[in-house]
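Close look at the chain arrangement
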Amino acid sequence: MPTTPYGSDDPTAAQPTRTAHPAHPAHSPARIGPYEIFQLLGEGGMGRVFLARSPGSRLVALKVIRPEYAEAPDFRGRFRREAASARRVSGFFTPPVLDADADAPQPWLATAYVPAPSLHEVVRAYGALPEAGLRALGTGLAEALLAIHGAGIVHRDLKPGNVLIAEDGPRVIDFGISSAVDATQVTRTGAVVGTPGFMAPEQIMSSREAGPAADLFSLGCVLVFAATRQGPFGTGGTADILYRAVHHPPQLAGVPEALQPLVGACLEKDPARRPPAASVLAALGAADPAALLTEGLREDLARREAHAAVLVAAPPVPMVSLAPPVDPFATPAPRGPSRRRFLWIAAAGTTVAAGGGAAALAGWRSEPDAAPARSGGSGSSGAGTTGRPEPKVPAGPKPRWSTPLKKLEGAKLHLLGDVLVHWEKGRAIAYDPETGKERWTGSLRTPSDVSGNPEWLGVQGSTLFATAWSGERGYLFGVDAAGKRKFTHVVTEQSADGQSAAFVQDVLSVAGSVALVGTSGSSAYGVLAVDLGSGKVLWSRKVNGSDFQAYADGSLCFLQDNGTLLGLGLRSGAERWKVRDVIKPGAYPALSTDGETLLVSSTKVQAFRATDGEKLWTAVNETTTISPARVRGKRAYVYDGPGTVFALDMRSGKQVWHRASPVHLTTTGGADSQGPTVSASVVAIATFATGDVPGFVVLRASDGKPLWAHQPSRKTGGKSDWLLQISGDTLFAASETTLYAFRSDPS
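Residues numbered from 1 in each chain as written. Predicted model: local features only at pLDDT ≥ 70, side-chain atom pairs only at ≥ 80, totals over all residues. Heavy atoms only, no water.

The name given to the protein chain in an unreviewed UniProt entry is PQQ-binding-like beta-propeller repeat protein, with the source organism recorded as Streptomyces anatolicus.

Take a look at the structure:
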């Protein structure tokens, strides 16, 4: 998943020019320890990170550890030792650790704030780095690891989101507490700290074996990402990526030839065969940090520097406050303009006139409760039904039935004929939609050349798909609504030169008897069109990046490949039309259609005529990722990150209505999102896993009026995404622990 600096999993969180959520409840000022909090920079698995200011007017990145870690036995002692070691790290390419408090209600650690974007943001915004830039990046990372390892620390989570690109070179952040958190994770859950695609094999197998050589493996992964815009072990499900990292050779296509031997050495499976950081530094030689910079990046850095200068110069706020202590993990309350906001405006001077104001730079908004002003389609005035979130929304009806769910990781829910299927990679279970009783558990006997278990890919059309791989062959299985096997097809095979068969990553879409299958090979990704009756591969096509999508409808296949949109014959693969530069590469859009109009949802919704690719309209142009569009009749429904839902007219793109969620939801967009769940009468959206309130909200489809919301406690609702499906007048909702059936429209 994309990451941003200082531990966030939200790719928009660290942009200073975007509106940020207030980092604390309605009272002001807010302090954690001696630090005055300005805004939330990001949030990740370990905790939240705030932009703050010290009593001496020094900006810091303040990481506050999550309560569940702080409450674990022995955590505070480990944290204290790790923080003390981190303060001994001294190097140009590591921001200094300034302060820490292991005994605070939520332990925290302060490092010098670097006003710079992450490597992840830089590569996504400005493209892959040239060889000179890669050498500058590599030398900075190697020197940073020398300093970190010299203090007796193993980073354990070196990734593009933990590398900042400043004007004078990279900075490695987020070291110094991972060991304490990792030990707590292992003790409590058996999990490890790390990011799939950037973890060493020994770290995946057992974090206790992860030494300095694991960071060198991560360094190699980061260099591959910077050179190719993707990691060396591809994309897909977490289990797939981790398996490839342990068992498959890295994909180095796109890495400059002169650097491939060094990068390949860093990515050796055996940690003893990897070069130490000093050898990497020597092999790269002298490098110029200026090679990392583009004109766009220089402008971005200048904006961030100006933002930091405004905050440093702001008048201090008195230490004394009658407000209760700040809970850094509390749900933010609505707030009006604060004294701090006006102080910033006054302090900004000419910056206010020239740049839109310090308040805007710092992420404040003057009307936080207002529904957002949205533009309609191209040339639209944005007319349509709208409104502020209502202060209350009725509680949902009592469920018709509920049943406990077996614990599944990364589960999905889908209707398959007359059953509901709840599945993950390793398991698929079908439930009766009338009673909630378990009907069957998926079981497949694999061919004799397959050593492992099959993996479930999910439901498309009338089939539950699965795959298995033997090295020489990649298999595709189909299961019907009764749990019976429909077919077993070989869809990928070993090449003539001995390269292993490509993996079947996903079934992207099905139309009639043709399935579009996404594959990942040793050197490329691809799309296959498979006739499900005969198993014949009708055509195959290599794609240029991991962010491809394909959608089948009628006789056409729509393919998004590295920013280019194509219309292909579904059975022939023949190119009918092509539109370039539809999105920036790496945006991971979603495709949907009503047969006449093709929608591409990324940070905006774009519509193209299905027959010839002519651009028709653009709507909901956002700064954050939009969910996939769900088409119902003459309308398409999408939502944005804060949970605002939009109903769009399919012909014109004009907004019929939009509605900010009446309860506080944190949702997610992108091609992997389930998007809104839609019937003829209602639209339902669910929280994302990191949402402040678990559950979902149901709106009336005709005008967006909130009908009801289901908001159980964390204890009963769990921390995973809610999964929704609608059939007739029944809304099926799955939490982490329970499957429910509700009447969707109780009115």
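Attention now goes to the UniProt feature "binding site: ATP" (unreviewed entry) in the protein chain. As recorded in UniProt, the sites labelled "binding site: ATP" (unreviewed entry) are K63. Looking at where K63 falls in the secondary structure, it is placed in strand β4 (residues 59-65). (UniProt positions renumbered as here; feature names shortened; annotations may be inferred. Helix = DSSP H or I, 4+ residues; strand = E, 2+ residues; numbered from the N terminus.)

The subject of this paragraph is the sheet that holds strand β1 (residues 31-32). Reading across from one edge, β1-β2-β3-β4-β6-β5 is the order of the six strands in this open sheet, with antiparallel pairing throughout. The sheet is open, and its two borders are formed by β1 and β5 (97-101), each paired with just one other strand. Across the sheet, helix α11 (residues 295-313) touches β2 (35-43), β3 (47-53) and β4, and the angle it forms with β3 is around 65°. (Pairing = 2+ DSSP bridges. Contact = heavy atoms within 4.5 Å. Axes fitted to C-alpha atoms, helices over the stretch in contact; angles between N-to-C directions.)

Mean pLDDT over the protein chain stands at 80; residues scoring 70 or higher make up 77%. Every residue in residues 1-5 is under pLDDT 50, and counting partners more than four places away or in other chains gives 27 contacts. Of the regions scoring below 50 in pLDDT, residues 331-391 engages in 126 contacts with residues more than four places distant in sequence or in other chains. (pLDDT = per-residue confidence, 0-100.)

With that settled, the discussion passes to the packing of helix α3 (residues 119-126) against helix α7 (residues 212-228). Their axes nearest at 9 Å, the elements α3 and α7 cross at an angle of 20°. One way to sum up the angle between α3 and α7 is to call them roughly parallel. Both α3 and α7 take part in a crossing whose hand is left-handed. In this structure, α3 uses L119, H120, V123 and R124 to contact α7, whose residues at the interface are V222, F225 and A226. (Parallel < 35°, antiparallel > 145°, perpendicular 65-115°, else oblique. Left-handed = near helix turned anticlockwise from the far one by under 90°.)

With that out of the way, let us pick up the packing of aromatic side chains. Inspection of every chain in the model, using the stated rule, returns 17 aromatic pairs. With centroids separated by 6.4 Å and ring planes inclined at 70°, the aromatic side chains of F198 and F225 adopt a geometry described as edge-to-face. Taken together, the residues F198 in the loop between α5 (178-189) and α6 (201-205) and F225 in helix α7 connect sequence positions 27 residues apart. Given the relative accessible area of 12%, F198 is considered buried. The interplanar angle of 20° and the centroid separation of 4.5 Å between the aromatic rings of W469 and F503 together place this pair among those described as stacked. Residue W469 is located in strand β15 (residues 463-469), and its partner F503 is located in strand β18 (residues 503-511); the two are separated by 34 residues in the primary sequence. Judged by its relative accessible area of 16%, F503 is buried. (Phe/Tyr/Trp six-rings, centres within 6.5 Å; stacked < 30°, edge-to-face > 60°. Buried < 20%, exposed > 50% of the residue type's maximum accessible area, 1.4 Å probe, protein only.)

Below, the discussion takes up the environment of F558. The residue F558 is located in strand β23 (residues 556-561) in this model. In this structure, the C-alpha to C-alpha distance between F558 and L568, residues ten residues apart in sequence, is 6.2 Å. The contact partners of F558, leaving out residues within four places of it in the chain, are Q549, A550, Y551, D553, L566, G567, W577, L591, T593, L598 and A610.

Two elements in contact, helix α4 (residues 131-150) and helix α10 (residues 277-284), have axes separated by 9 Å at closest approach and are oriented at 155°. When the axes of α4 and α10 are compared, the pair comes out roughly antiparallel. Handedness of the α4/α10 crossing: left-handed. Residues R135, G138, T139, A142, E143, L145 and L146 of α4 pack against A277, A278, V280, L281, A283 and L284 of α10. In terms of residue class, the contact of α4 with α10 is built from nine nonpolar, two polar and two charged. (Nonpolar A, V, L, I, M, F, W, Y, C, P; charged D, E, K, R; others polar.)

Before going further, it helps to spend a moment on the environment of R66. Checked against the element boundaries, R66 lands in the loop between β4 and α1 (67-70). On the accessibility criterion, R66 (15% relative accessible area) is buried.

Turning to the side chain of Q560, a few remarks are in order. The topology assignment puts Q560 in strand β23. At a separation of 2.8 Å, a polar atom in the side chain of Q560 contacts the side chain of Q549. For Q560, the side chain forms a polar contact with the main-chain nitrogen of N562, separated by 3.2 Å. (Polar contact = N/O pair within 3.5 Å; in protein donor to acceptor, adjacent residues only side chain to side chain.)

Turning next to the sheet that holds strand β9 (residues 401-404). If you trace the four strands from one edge of the open sheet to the other, you get β9-β40-β39-β38, paired in antiparallel fashion. Looking at the sheet topology across the chains shown, the edges are occupied by β9 and β38 (723-727). Shown here is a sheet whose adjacent strand axes are inclined to one another by a mean of 15°, direction ignored. Across five bridges, β38 lies against strand β39 (residues 730-734) in antiparallel orientation. The residue bridging I726 from the neighbouring strand is L731, located in β39.

This part takes up the side chain of D432. Looking at the secondary structure, you find D432 in the loop between β12 (427-431) and β13 (438-441). For D432, a relative accessible area of 16% puts it in the buried group. In this structure D432 touches W401, K437 and R439, once residues within four positions along its chain are discounted.

Before going further, it helps to spend a moment on helix α2 (residues 75-86). With twelve residues, α2 should reach 16 Å at 1.5 Å per residue; the first-to-last C-alpha distance of 16 Å fits that figure. Looking at α2, one finds that the buried residues are F75, R78, F79, E82, A83, S85 and A86. With its buried residues spanning 160° around the axis, α2 presents them on a single face. (Expected span 1.5 Å × (residues − 1). Arc of directions from axis to C-beta.)

It is worth spelling out the state of the cysteines at this point. Note: disulfide means a covalent bond formed between the sulfur atoms of two cysteine side chains. Applying the stated criterion to the full structure yields zero disulfides. The thiol of C221 is not disulfide-bonded; the next cysteine sulfur, from C266, is found 9.4 Å away. Accessibility expressed as a relative area gives 0% for C221, which makes it buried. (Disulfide = S-S within 2.5 Å.)

This part covers the nonpolar core. Counting 71 residues, the largest nonpolar core has L119, L137, I165, L219, V263 and V280 as its most contacted members. Counting residues per element, this core draws most heavily on α7, at eleven residues. Apart from residues lying up to four places away in sequence, L219 is in contact with G138, L141, A142, L145, L158, C266 and V280. (Core = buried A, V, L, I, M, F, W, Y, C linked by side-chain atoms within 4.5 Å.)

Moving on, we come to the pattern of salt bridges. Using the criterion set out here, one finds 25 salt bridges in the structure. A salt bridge links R298 to E167; the shortest N-O distance between them is 3.8 Å. Here E167 lies in the loop between β7 (163-166) and β8 (169-172) and R298 lies in helix α11, a separation of 131 residues in the sequence. For R298, a relative accessible area of 35% corresponds to the partly exposed category. With a shortest N-O distance of 3.9 Å, D418 and R439 are connected by a salt bridge. Highlighted residues: D418 in the loop between β10 (412-416) and β11 (419-424) and R439 in strand β13, separated in sequence by 21 residues. (Salt bridge = Lys/Arg side-chain N within 4 Å of Asp/Glu carboxyl O.)

Bringing the environment of A502 into the picture now. When you line up the elements, A502 lands in the loop between β17 (485-493) and β18. In this structure the C-alpha to C-alpha distance between A502 and T492, which are ten residues apart in sequence, comes to 5.9 Å.

With that settled, consider unusual backbone geometry. In this model, R156 sits at a positive phi of 80°, which is unusual for a non-glycine residue. A relative accessible area of 14% places R156 in the buried class. You will see that D581, though not glycine, has its phi angle at about 55°, which is positive. Its location among the elements puts D581 in the loop between β25 (575-579) and β26 (590-593).

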